[in-house]
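What the coordinates show
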Amino acid sequence: MDIAKIVNLQKRFFNSNATKDLNLRIENLKKLKLILKENEEKLYTSIYTDFKKSKFETYLTELSIIYRELNDAIRNLKKWSKQKRVRTNLANLPAKSYIIPEPLGTVLVISAWNYPYQLALIPTISALAAGNTVVIKPSEIPKNTSKILAEIINSNFNSNYLTVIEGGVKITTELLKEKWDKIFFTGSTSVGKIIYQAAAESLTPVTLELGGKSPTFVLADCNIKITAKRIVWAKFLNAGQTCIAPDYLLVEEKIKDQLLLALKKEIENAYPNIKEVQENYVQIINEQNFNRLEKLIPNQKVYHGGQTNNENRSIAPTLLHNINFEDSIMEDEIFGPILPVIAFENLDDVINKIKEKEKPLSLYVYSKNKNIIRKILNEISFGSGAINESIVQISNPNLPFGGVGASGIGSYNSKAGFDTFTHYKSILHKTTWLEPNIKYTPFTEFKMRILKFILE
Ligand code: NAD
């Protein structure tokens, strides 16, 4: 694979101005939707092969989100691409001022394995909508999905506009040697640092969608049954392999026992027979992650679950209790179906503990108490979150999605994605019929007085 050649072809195509044509962008987004629809069965099958994920879950967490993003971009991109007039200040009159959205150029999208289609395609849709050309480097770990993505994109699009380059660390390292106009990366914080360093060499702008430990507050006044149901759904979807899944619970001491019991009941309802991996529960992606997760389960702290089966790489939805911030499970992002529960009595103490750590990607609060909700939202910095829900914030196109600090740089989702791949070029457009002499020499006292009047 001649990476340099592909990048050159894309740059040449971009420089031809072809992608400035809004109709070309719309046509290609429609084409992408059509080929995804035509190949839906293949998409479902390859996800099933890699994850044992049901069609329902694949539709809910991958395809529906991609179609929504495509529809949104197709419907709105003419509006988003419009030049915007802004007010001109007194000092510059007579003139017009406007902002022209322009595509950045040739973009590299590097994605993670856990939602292999949407993590590769959502930023790609935004980048194409904004008028860029795109090279996608999907994660090599779910190899069937990577192969299908490459097959259907590369057989339908010209590589000078949109192409998939498959591979792991070696290929990504090669790709990072090229000069891009933007790199959009989804993955771990440690690899995010490698990407950022490589991009810095050529001052390439980056968006980094990274990971982290997402705290979930459960306060005594919450609706315990609904809270347990929603947390169990959000945590064990994709077997906990979701960047914004609740990583750990912070539960008020006085409802700890009630909540644990309610969580256990909800797990038993949702996943009644986990010994065999059944239709509604996803596998752990590979042996390396299975072994990592298995080691994270401290037997003496298992409240529910804890069973593992290395033949089908399944780990039962697991609740851990009597956990504190010093336990080893509290060190790194869990990224699997293990949910530690920390009980607390003093809210300020736990808020301070979180503030001592890296800024989380997400945070959730289950409570009806507006003051407490406001306090937590006001005091802790994190990427995105939800109240009395978890993970669903990503499904609202009006909410930009991204991290902060160690959990990421920049954001995307619908218009925010368009902005991520757009440069807003500011223009002050002057007339020639008036030429006041004030700014020119000689700099007199009188001119100074007029200047002060205008500029202050
Ligand atoms: P990862 O960082 O290991 O890999 C991500 C991508 O980087 C892959 O395409 C991989 O091929 C490439 N890569 C890996 N090592 C590299 C290296 N040394 N040099 C260059 N490229 C390299 O992440 P992952 O295991 O695929 O995904 C899990 C992580 O991603 C978790 O931390 C999770 O929280 C995070 N994540 C974040 C989001 C988000 O939207 N913020 C979404 C999904 C996953």
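Keep in mind that this is a model prediction, so the values were computed, not measured. Throughout, a residue's number is its position along its own chain's written sequence, starting from 1. Only residues with pLDDT of 70 or above have their local features reported here, since the model is predicted, and side-chain atom pairs are shown and tallied only from 80 upward, although totals for entire chains, interfaces and linings are computed over all residues. Neither water nor hydrogens contribute to the side-chain values; these are computed over all heavy atoms in the structure.

Paired strands, in this sense, are two strands between which DSSP finds at least two bridges. The helix count covers DSSP runs of H or I at least four residues long, the strand count covers runs of E at least two residues long, and both are numbered beginning at the N terminus. Strand order in the open sheet formed by 6 strands is 5-4-3-6-7-17, and the pairing between neighbours is mixed. Each end of this open sheet is capped by a strand with a single partner; those strands are strand 5 (162-164) and strand 17 (408-409). The pairing of strand 3 (residues 106-110) with strand 6 (residues 182-186) spans 4 bridges and is classified as parallel. Looking at strand 6, one finds that leucine 108 is bridged to isoleucine 183. Throughout, a contact is declared for two residues whenever any of their heavy atoms are within 4.5 Å. Inter-axis angles, ranging from 0 to 180 degrees, are taken between N-to-C directions of lines fitted to C-alpha atoms, where helices are fitted over the stretch in contact. Against the sheet, helix 5 (residues 116-129) makes contact with strand 3, strand 4 (133-137), strand 5 and strand 6, and its axis sits at roughly 170 degrees relative to strand 4, the strand it touches most.

Let's shift gears to the site of the ligand. Any residue with a heavy atom positioned within 4 Å of a molecule or strand is treated as near that molecule or strand. Around the ligand, 26 residues are found, and the nearest of them are Ser111, Glu140, Ser188, Leu210 and Glu333. Counting of polar contacts relies on pairs of N or O atoms within 3.5 Å, with two restrictions inside protein: one atom must be capable of donating a hydrogen and the other of accepting it, and residues adjacent in sequence are counted only when both atoms are side-chain atoms. For the ligand, an oxygen atom lies 2.7 Å from a polar atom in the backbone of serine 111. The contact in question runs from an oxygen atom of the ligand to an N or O atom on the side chain of glutamate 140, over 2.7 Å. All accessibility values rest on the Shrake-Rupley procedure with a 1.4 Å probe; residue burial counts only the protein chains present in the view. The protein chains hide 88% of the 840 Å² of surface that the ligand would expose on its own. Where the shell around the ligand is concerned, the elements lending two or more residues are helix 7 (169-176), strand 6 and helix 8 (189-201). Start and end positions for the domains come from either an automated domain assignment or a database one. When we break the shell around the ligand down by domain, the ones giving at least three residues each are domain 1 (3-210 + 407-424) and domain 2 (215-400).

The next subject is the pattern of salt bridges. A carboxyl oxygen of Asp or Glu within 4 Å of a side-chain nitrogen of Lys or Arg is what we treat as a salt bridge. Counted under the stated rule, the structure contains 17 salt bridges. Lysine 177 is the partner of glutamate 174 in a salt bridge, and the nearest nitrogen-oxygen pair spans 3.0 Å. Each residue is assigned to one of three classes by its accessible area relative to the maximum for its type, calculated with a 1.4 Å probe on protein chains only: buried under 20%, partly exposed between the two thresholds, exposed over 50%. A residue is classified by how much of its surface remains accessible, and lysine 177, at 59% relative accessible area, is exposed. Residues lysine 375 and glutamate 379 are paired through a salt bridge, measuring 3.0 Å at the closest nitrogen-oxygen approach. A residue pair is termed a helical-turn pair when its members lie 3 or 4 positions apart in one helix, as lysine 375 and glutamate 379 do in helix 13 (residues 370-379) at 4 residues. Owing to a relative accessible area of 27%, glutamate 379 belongs among the partly exposed residues under this scheme. Three or more residues joined by partner-sharing salt bridges are found here, namely Asp348, Lys375 and Glu379.

This paragraph deals with the packing of helix 12 (residues 347-356) against helix 13. Interaxial distance between helix 12 and helix 13 falls to 11 Å at its minimum, and their mutual angle equals 25 degrees. When the axis of helix 12 is compared with that of helix 13, the two are roughly parallel. As helix 12 packs across helix 13, the resulting crossing turns out to be right-handed. Residues Leu347, Asp348, Ile351 and Lys355 of helix 12 form the contact with helix 13, whose participating residues are Ile372, Lys375, Ile376 and Glu379. Note that the term roughly parallel is reserved for angles under 35 degrees, roughly antiparallel for angles over 145, roughly perpendicular for angles of 65 to 115, and oblique for everything else. The hand of a helix crossing depends on one turn: near helix anticlockwise from the far one by less than a right angle means left-handed, and clockwise means right-handed.

With that settled, the discussion passes to the domain arrangement of the protein. For the protein, the domain assignment lists domain 1 (3-210 + 407-424) and domain 2 (215-400). Domain 1 and domain 2 are separated by 30 Å when their C-alpha centres are compared. Facing 22 residues of domain 1, the contacting portion of domain 2 comprises 25 residues. Buried area between domain 1 and domain 2, summed over both chains or domains, comes out near 1900 Å², and the portion from carbon and sulfur atoms is 56%. The interface formed by domain 1 and domain 2 includes 0 salt bridges. Our count for the contact surface shared by domain 1 and domain 2 stands at 12 residue pairs in polar contact (both at pLDDT 80 or more). Counting residues per element, the ones that place at least two in the side of domain 1 that touches domain 2 are helix 3 (40-51) and helix 4 (55-80). Residues belonging to the side of domain 1 that touches domain 2 are distributed by class as follows: 9 nonpolar, 7 polar and 6 charged. Put simply, buried area is the surface a 1.4 Å probe can reach on two separate parts but cannot reach once they are joined, added for both. Residues are grouped as follows: Ala, Val, Leu, Ile, Met, Phe, Trp, Tyr, Cys and Pro are nonpolar; Asp, Glu, Lys and Arg are charged; all remaining types, including Gly, are polar.

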